[in-house]
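Each chain, written out:
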Amino acid sequence: MKTPARIMVIEDEQLAALEIQERLRAMGHDVVALVQTGEDAMPKAKEAHPDLVLMDIILSGRMDGIAAAQRIRAEMDIPVIFLTAHSDAITLERAKISEPFGYVVKPFDEREL
């Protein structure tokens with residue numbers, strides 16, 4: 001049997017975060033943390049030790065998802081996949097700096113997730 005992935009979800013919209021958590025658990029993965037701000041992402045990642053981070057690009061607070069992803073990749077080398085409704089060229093070009101493992105554009109279906 002395949003070992004479930006330990007996934008941290010960083011999403012500032014609570015209902016969206018809970019829906020993502022439910023879908024991931026239904027697929028057999030462990031959601032080890034739900035985080036709402038970029039500022040809380042790094043401390044929670046150090047605590048939870050996820051295998052993967054699903055990160056919204058636009059977050060409430062001073063630090064957006066791109067900056068939080070850069071810190072997580074630089075300090076912990078955890079793969080980050082962006083979940084975002086913002087797929088414009090400028091945002092995606094800026095997001096490339098954090099070397100994400102991929103992008104999932106909202107709204108998404110379970111197959112994409």
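See the structure printed just above.
Parameters and conventions
- Along each chain, residues carry numbers from 1 onward, in the same order as the chain's sequence is written.
- Owing to the predicted nature of the model, reporting of local features is limited to residues with pLDDT of at least 70; listing and counting of side-chain atom pairs is limited to 80 or more, with chain, interface and lining totals taken over all residues.
- Only heavy atoms go into the side-chain values, all of them from the structure, while hydrogens and water stay out.
- Helix and strand definitions follow DSSP, with helices as H or I runs of at least four residues and strands as E runs of at least two, each counted in order from the N terminus.
- Multiplying 1.5 Å by the residue count of a helix minus one yields the expected span of that helix.
- We call a residue buried when its accessible area falls under 20% of the maximum for its residue type, exposed when it is over 50%, and partly exposed in between, using a 1.4 Å probe and counting protein chains only.
- The directions considered for the arc run from the helix axis to the C-beta atoms.
- Pairing of N or O atoms within 3.5 Å defines a polar contact, subject to two protein rules: one partner must be a possible hydrogen donor and the other a possible acceptor, and residues neighboring in sequence count only if both atoms are side-chain atoms.
- Working rule for contacts: check all heavy atoms of both residues, and any pair within 4.5 Å makes them a contact.

Draft legend 1. Representation of helix H1 (residues 14-26) in the model. Between its first and last C-alpha, H1 extends 18 Å over 13 residues, near the 18 Å set by a 1.5 Å rise per residue. Of the residues making up H1, those classed as buried are Ala-17, Ile-20, Gln-21 and Leu-24. Seen from one end, H1 has its buried residues packed into an arc of 100°, which puts them on one side. Of the exposed residues in H1, the ones pointing more than 90 degrees away from its buried face are Leu-15, Glu-22 and Ala-26. In the segment just after H1, Gly-28 is the residue with positive phi, at about 95°.

Draft legend 2. Up close: the side chain of Glu-11. Along the chain, Glu-11 falls in the loop between strand S1 (6-10) and H1. We classify Glu-11 as buried; its relative accessible area is 1%. A polar contact of 3.0 Å, which involves the side chain of Glu-11, links it to the backbone nitrogen of Glu-13. Aside from chain neighbours lying at most four places away, what touches Glu-11 is Ala-16, Ala-17, Val-35, Gln-36, Asp-56, Leu-59 and Lys-106.

Draft legend 3. Fine view of the environment of Lys-106. Mapped onto the elements of the fold, Lys-106 is located in the segment after strand S5 (102-105). Separated by 78 residues in the primary sequence, Lys-106 and Gly-28 place their C-alpha atoms 21 Å from one another. Other than its neighbours up to four places away in sequence, Lys-106 contacts Glu-11, Asp-56, Leu-83, Thr-84 and Ala-85.

Draft legend 4. View of helix H3 (residues 65-76). Its twelve residues give H3 an end-to-end C-alpha distance of 16 Å, which sits within 8% of 16 Å, the value for a rise of 1.5 Å per residue. The set of residues buried in H3 consists of Gly-65, Ile-66, Ala-68, Ala-69, Ile-72 and Arg-73. What you see down the axis of H3 is that its buried residues fit within an arc of 160°, all on one side. Where H3 starts, the residue carrying a side-chain oxygen 3.2 Å from the main-chain nitrogen of Ile-66 turns out to be Asp-64.

Draft legend 5. Quick look at the environment of Ala-17. Following the sequence through the fold, Ala-17 ends up in helix H1. Along the backbone, Ala-17 and Val-32 are 15 residues apart, and their C-alpha atoms lie at a distance of 12 Å. Dropping the residues within four chain positions of it, Ala-17 is found in contact with Glu-11 and Leu-34.

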